[in-house]
Amino acid sequence: MTDPRIADALEREHREIDAGLAEFTAALDGGEWRTQPLLDAAAALRRHIYIEEEMLFPALRAAGLWGPVAVMLREHGEIWSALDELEEVAGEQVSDDNARQVYRRLAALLEIHNDKEEAILYPQSDTVVDEATRSRIEHYLEHSTLPPGWTCQALA
Ligand SMILES: [Fe+2]
Ligand SMILES: [Fe+2]
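The paragraphs below set out a description of the structure included in this document. Source: prediction; values computed, not measured. (Residues numbered from 1 in each chain as written. Chains lettered and ligands numbered in written order. Predicted model: local features only at pLDDT ≥ 70, side-chain atom pairs only at ≥ 80, totals over all residues. Heavy atoms only, no water.)

A tally of helices and strands in the protein chain yields five helices and zero strands. Starting at the N terminus and walking to the C terminus, you meet the elements of the protein chain as α-α-α-α-α. Scaling as 2.2 N^0.38, a compact globule of 156 residues should have a C-alpha radius of gyration of about 15 Å, and the protein chain matches this with 16 Å. Expressed as lengths along the three principal axes of its C-alpha atoms, the size of the protein chain is roughly 50 × 30 × 30 Å. (Helix = DSSP H or I, 4+ residues; strand = E, 2+ residues; numbered from the N terminus. Rg over C-alpha atoms; globule rule 2.2 N^0.38 Å.)

Within the structure shown, the criterion is met by four aromatic pairs. Between the aromatic rings of Tyr50 and Trp150, the centroid separation amounts to 5.0 Å while the plane-to-plane angle is 85°, which identifies the pairing as edge-to-face. Of this pair, Tyr50 sits in helix α2 (residues 36-62) while Trp150 is found in the segment after α5 (131-143), placing the two residues 100 residues apart along the sequence. Of the residues examined, Tyr50 reaches a relative accessible area of 7% and is grouped as buried. Judged by centre distance (5.7 Å) and plane angle (70°), the rings of Trp80 and Trp150 are edge-to-face. Residue Trp80 is located in helix α3 (residues 66-92), and its partner Trp150 is located in the segment after α5; the two are separated by 70 residues in the primary sequence. With respect to burial, Trp80 and Trp150 carry one shared label: buried. The side chain of Arg46 reaches across the aromatic face of Trp80, ending 4.8 Å from its centre. The ring of Trp66 is capped by Arg61, whose NZ or CZ atom sits 5.4 Å from the centre of that ring. (Phe/Tyr/Trp six-rings, centres within 6.5 Å; stacked < 30°, edge-to-face > 60°. Buried < 20%, exposed > 50% of the residue type's maximum accessible area, 1.4 Å probe, protein only. Lys NZ or Arg CZ within 6 Å of the ring centre and 35° of its normal.)

Let us look at the coordination of the iron ion (ligand 1). Put simply, a metal with four donors set out as a tetrahedron has ideal angles of 109.5 degrees, and one with six donors set out as an octahedron has ideal angles of 90 or 180 degrees. At the metal site, the iron ion (ligand 1) is ligated by Glu52 (OE), His76 (NE2), His113 (NE2) and Glu117 (OE), and these contacts range over 1.9 to 2.2 Å. Taken together, the four donor atoms surrounding the iron ion (ligand 1) define angles of 83 to 171° at the centre, an arrangement classified as irregular. Coordination of the iron ion (ligand 1) draws on donor residues from a single chain, spaced E-x23-H-x36-H-x3-E in sequence. (Donors = N, O, S within 2.8 Å, 3.2 Å for Na, K, Ca; no water. Tetrahedral: all angles 85-135°; square planar, octahedral: opposite > 155°, others 65-115°.)

Here we come to the environment of Trp33. Along the chain, the position of Trp33 falls in the loop between α1 (6-29) and α2. With relative accessibility at 22%, the residue Trp33 sits in the partly exposed group. In this structure, Trp33 is in contact with Phe24, Leu28, Val89, Ala90, Gln93, Val94, Ser95, Asp96 and Ala99, ignoring residues within four places of it in sequence. (Contact = heavy atoms within 4.5 Å.)

Let us now look at the coordination of the iron ion (ligand 2). The coordination sphere of the iron ion (ligand 2) contains the protein donors His14 (NE2), His48 (NE2), Glu52 (OE), Glu117 (OE) and Tyr122 (OH), at a distance range of 2.0 to 2.2 Å. Each donor residue of the iron ion (ligand 2) belongs to the same chain, and together they define the spacing H-x33-H-x3-E-x64-E-x4-Y.

Structure (structure tokens):
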């Protein structure tokens, strides 16, 4: 097994994205609309979903994990929509309460989704992914942004 593991890198991204989103509401609690951490976390989350759907999930499906992958794809659709909504309310800067409510909905979706990925899908990832796919994932994690216009499969 090559080091670092894909599972570790993706789990680390879950934590970083959670922290970035939480920074937005922490700033709200201090009376400040600080949207940059949210925008950065949103971009990271969309790219994270892209990497999963375009690179990791096909390998997991080929290994027989059709059911769990189908659930993750559906949840990505819900997460993507909640994220759209959060970016919108953050940009409008109208209601703190509404922004917090939308944030809490997204955070709840992410918690359930990430726990499942980390328990069921990620443990398989380093055994099912071939070297070419591993390099591609590592490249995207390090250097790349979401291709323009890409949307998760559930909403495409
Ligand atoms: Fe995911
Ligand atoms: Fe994930």
